[in-house]
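What the coordinates show
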Amino acid sequence: MCSEGLRERYVNPYTDFAFKLLFGTDLNKEILIGFLNALFDGKQVIEDVTYLNTEHLGSKETDRRAVFDVYCENEKGEKILIEMQRGEQQFFKDRSIYYATYPIREQAIKGEIWDYELKAVYVIGILNFALDDVSSSSFRHEVKLMDTTTHEVFFDKLTFVYLEMPKFHKTEQELDTLFDKWMFVLKNLARLMERPTALQERVFNRLFEAAEIAQFSKENLYAYEESLKVYRDWNNVIDTAIQKGIARGMEEGLVKGMEEGIAKGMEEGIAKGMEEGIAKGMEEGIAKGMEEGIAKGMEEGIAKGMEEGIAKGMEEGIAKGMEEGIAKGMEEGIAKGMEEGIVKGMEEGIAKGMEKGIAEGEWMKAQTIAGNLKNAGLSIAEIAKVTGLSEDEINSL
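Residues numbered from 1 in each chain as written. Predicted model: local features only at pLDDT ≥ 70, side-chain atom pairs only at ≥ 80, totals over all residues. Heavy atoms only, no water.

**A short note on the packing of helix 4 (residues 178–188) against helix 5 (residues 202–211)**
One way to put it is that helix 4 packs onto helix 5 with a least axis distance of 12 Å and a crossing angle of 10°. Between helix 4 and helix 5, the crossing angle belongs to the class labelled roughly parallel. Along the contact surface, helix 4 presents Leu178, Lys181, Trp182 and Val185, while helix 5 presents Val203, Phe204, Leu207 and Phe208. Broken down by class, the residue content of the contact of helix 4 with helix 5 amounts to 7 nonpolar, no polar and 1 charged. (Axes fitted to C-alpha atoms, helices over the stretch in contact; angles between N-to-C directions. Helix = DSSP H or I, 4+ residues; strand = E, 2+ residues; numbered from the N terminus. Parallel < 35°, antiparallel > 145°, perpendicular 65-115°, else oblique. Contact = heavy atoms within 4.5 Å. Nonpolar A, V, L, I, M, F, W, Y, C, P; charged D, E, K, R; others polar.)

This is the structure we're talking about:
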């Protein structure tokens, strides 16, 4: 890459070279102090910093190496670790926690009695991406160890600050605080051709002087060009991976969508077909059933009516016949009976009268004889034997 291809006036702070040039060198210490004081916003004021070794090895040769972008301590001995993270990493939070262990372990006093008192440690991540699992629209996140019950800070000597640069959208006219101005210049420095009028603080004088590419030495220009090339290649790799991922996702999504769509369509089609079929079937079935039912009903009704009519007629006819027959029979029976009864009664009455008359005549005759015999002095038993009367009847004479 040659310098003639550069069109920007100022460096891109997302490149490794530019970030370390602006924030990681003694020459530009003033820029780092200004940025940190704006970040802490009066919670603490940093007067000086000392740059520390950015490359760290573990306590053993087999331990993993850690390389920080900027590592320093302030005048109170508090450790400050700054990372410019240009691309998204799956376990970036884990990495920042892991990096925090180095400035903590380094504070252990070897060979002396140590009470485990620690100086504060700050891990600052400037992210050229948005955290996937953070739904807040805020671009600044300050994280400490917290009691989840009381929501109070449990330990205030370990602080993580994450700056999501893609979420910062303020224009030059909307910059209210000094920190806003730092965020604006970090995000837009490579696109600026002139120094914005809103950035008039003295610390920005030094920033724009140090960031102007035209002022670079030949060695620094070459180093920046190489760093910019790596940054652009990195972005191209990421963009290509994203595009391939999108294409792959669309392809798989299309296949998956078609599969699910067909399955869903069949499911809904069957359900809809059944629903409409049932409704249509019921509608046609009711109409057909009514039509056939009426015809069948009339046919069966006539037959049934005749059958039931005949049975009912017979039943009612019999009842009516019996009722009228009994009445007629009684009427005729009474008349006939009376007629025949009178004749019969007269006949029987004459016969009975004659019979009774004869009997009474005979009885009276027997009484007369018995009276004569009793007067003649015959015994009661003998009189009874001759007349056929009882002894009581004879005694009563």
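**A word on the packing of helix 2 (residues 29–40) against helix 5**
Contact geometry for helix 2 and helix 5: axes closest at 9 Å, N-to-C directions at 130°. If you check the angle between helix 2 and helix 5, you find them oblique. In this structure, helix 2 meets helix 5 at a crossing whose hand is left-handed. Each of Glu30, Ile31 and Gly34 in helix 2 lies in contact with helix 5, whose residues at this interface are Arg202, Val203, Arg206, Leu207 and Ala210. When the residues that make up the contact of helix 2 with helix 5 are grouped by side-chain class, the tally is 4 nonpolar, 1 polar and 3 charged. (Left-handed = near helix turned anticlockwise from the far one by under 90°.)

**Overview of the sheet that holds strand 7 (residues 140–147)**
Pairing in this open sheet of 6 strands is mixed, and the strands run 1-4-5-6-8-7 from one edge to the other. Looking at which strands have only one partner, the edges of the open sheet turn out to be strand 1 (49–51) and strand 7. If you compare each strand with its neighbour and ignore which way they point, the axes differ by 25° on average. In the sheet, strand 5 (residues 79–85) pairs with strand 6 (residues 121–127) via 7 bridges, with the strands oriented parallel. Paired with leucine 81 across the two strands is valine 123, which belongs to strand 6. Those strands touched by helix 2 are strand 1, strand 4 (70–74), strand 5, strand 6, strand 7 and strand 8 (152–164), and its axis lies near 125° from that of strand 1. Along the sheet face, helix 3 (residues 92–105) touches strand 4, strand 5, strand 6 and strand 8 and points at about 125° away from the line of strand 8. (Pairing = 2+ DSSP bridges.)

**A closer look at the side chain of lysine 79**
Structurally, the position occupied by lysine 79 is in strand 5. Overall, lysine 79 belongs to the buried group, its relative accessible area being 12%. A polar atom in the side chain of lysine 79 sits 2.6 Å from the side chain of glutamate 73. Sequence-distant contacts of lysine 79, defined by excluding residues within four places in its chain, comprise Leu52, Tyr71, Cys72, Glu73, Pro103, Gln107, Ala120, Val121 and Tyr122. (Buried < 20%, exposed > 50% of the residue type's maximum accessible area, 1.4 Å probe, protein only. Polar contact = N/O pair within 3.5 Å; in protein donor to acceptor, adjacent residues only side chain to side chain.)

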